[in-house]
Amino acid sequence: MNTSAARNRGLWEGSVGRVPMLAAASSAATTLLFIPILLRSPSTTEALSAFWLMAFVAAAPLTAYLLNRRLHADLGVVESLLVGLPQLPVIVLLSVAGVWLDVQRGFLLAGSGEEAMSYGIGISVSAVAGAVLLVLVAVAARLGGIRRN
């Protein structure tokens, strides 16, 4: 047995040890794609393009799929769901951060009904989007681990 391969065993060995790496990579993809949305000017009324929305929906699942193809981690249902689980709080926190930035920039009046509605609607919609991404990432991570001949 190769001695360097034997030394590298440990936390990242096996399917369970690779779950945190897959979860972190897919969450990072979501966060990196959301940063331009946070940095945009709140006074613009332009809607996001269909391409941008498709990229936002596909980035985390594609990252999980491709990384698991490389790692060959045979994930079960529970491990796959654990890979996708961070998507839910990441999306909700990014949505809250977006509203908070709009308040700090003066676009929304602090303590107003508009701010409360933005938080309420934003959290509700982002929780649904996070749940959808959770399932998509879990399915993609599971499919990425399937061995092909």
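How each quantity is defined
Every chain is numbered independently, its residues counted from 1 as its sequence is written. The predicted nature of this model means local features are confined to residues of pLDDT at least 70 and side-chain atom pairs, given and counted, to a pLDDT of 80 or more, with totals for whole chains, interfaces and linings taken over all residues. Note that the side-chain values use all heavy atoms of the structure and ignore hydrogens as well as water. Every helix listed is a DSSP run of H or I at least four residues long, and every strand listed is a run of E at least two residues long, numbered separately from the N terminus. The classification of residues rests on relative accessible area computed with a 1.4 Å probe and restricted to protein chains. Under 20% of the type maximum is buried, over 50% is exposed, and intermediate values are partly exposed. We call two residues contacting when some pair of their heavy atoms lies within 4.5 Å. Inter-axis angles, ranging from 0 to 180 degrees, are taken between N-to-C directions of lines fitted to C-alpha atoms, where helices are fitted over the stretch in contact. Here roughly perpendicular refers to angles of 65 to 115 degrees, roughly parallel to angles under 35, roughly antiparallel to angles over 145, and oblique to all remaining angles. If you view the pair so one helix is near and one far, a crossing is left-handed when the near helix is turned anticlockwise from the far one by less than a right angle, and right-handed when it is turned clockwise. Polarity classes work like this: nonpolar for Ala, Val, Leu, Ile, Met, Phe, Trp, Tyr, Cys and Pro, charged for Asp, Glu, Lys and Arg, and polar for all others, with Gly in that last group. Residue types Ala, Val, Leu, Ile, Met, Phe, Trp, Tyr and Cys, when buried and joined through side-chain atoms within 4.5 Å, form a set referred to as a nonpolar core.

Student: I would appreciate a short explanation of the overall build of the protein in the present structure.
Tutor: The helix and strand tally for the protein stands at six helices and zero strands. Ordering the α and β elements of the protein from the N terminus gives α-α-α-α-α-α. Taking all 149 residues of the protein together, the buried fraction comes to 34%. Residue pairs in contact within the protein that sit at least 24 positions apart in sequence constitute 81% of those at least 6 positions apart.

Student: Teacher, can you tell me more about the packing of helix α5 (residues 87–104) against helix α6 (residues 113–144) here?
Tutor: Each packed pair of helices is defined by two parameters, the angle between the axes and the distance between the axes. For the pair α5 and α6, the least separation of the axes is 7 Å and the interaxial angle reads 155°. Judged on the interaxial angle alone, α6 and α5 are roughly antiparallel. As α5 packs across α6, the resulting crossing turns out to be right-handed. Across the contact of α5 with α6, the residue classes break down as 15 nonpolar, six polar and one charged.

Student: Please clarify how the nonpolar core should be interpreted in this entry.
Tutor: Across soluble globular proteins, nonpolar side chains show a tendency to be buried alongside one another. In this structure, Ala-29, Leu-33, Phe-34, Ile-37, Leu-38, Phe-56, Ala-59, Val-90, Ile-91, Leu-94 and Leu-133 together form the largest nonpolar core, which totals 11 residues. Contributions of two or more residues to this core are made by α2 (14–39), α3 (50–71) and α5. Examining the composition of this core, we find that five residues originate from one element, α2, more than from any other. What Leu-33 contacts, discounting residues up to four positions off in sequence, is Trp-52, Ala-55, Phe-56 and Ala-59.

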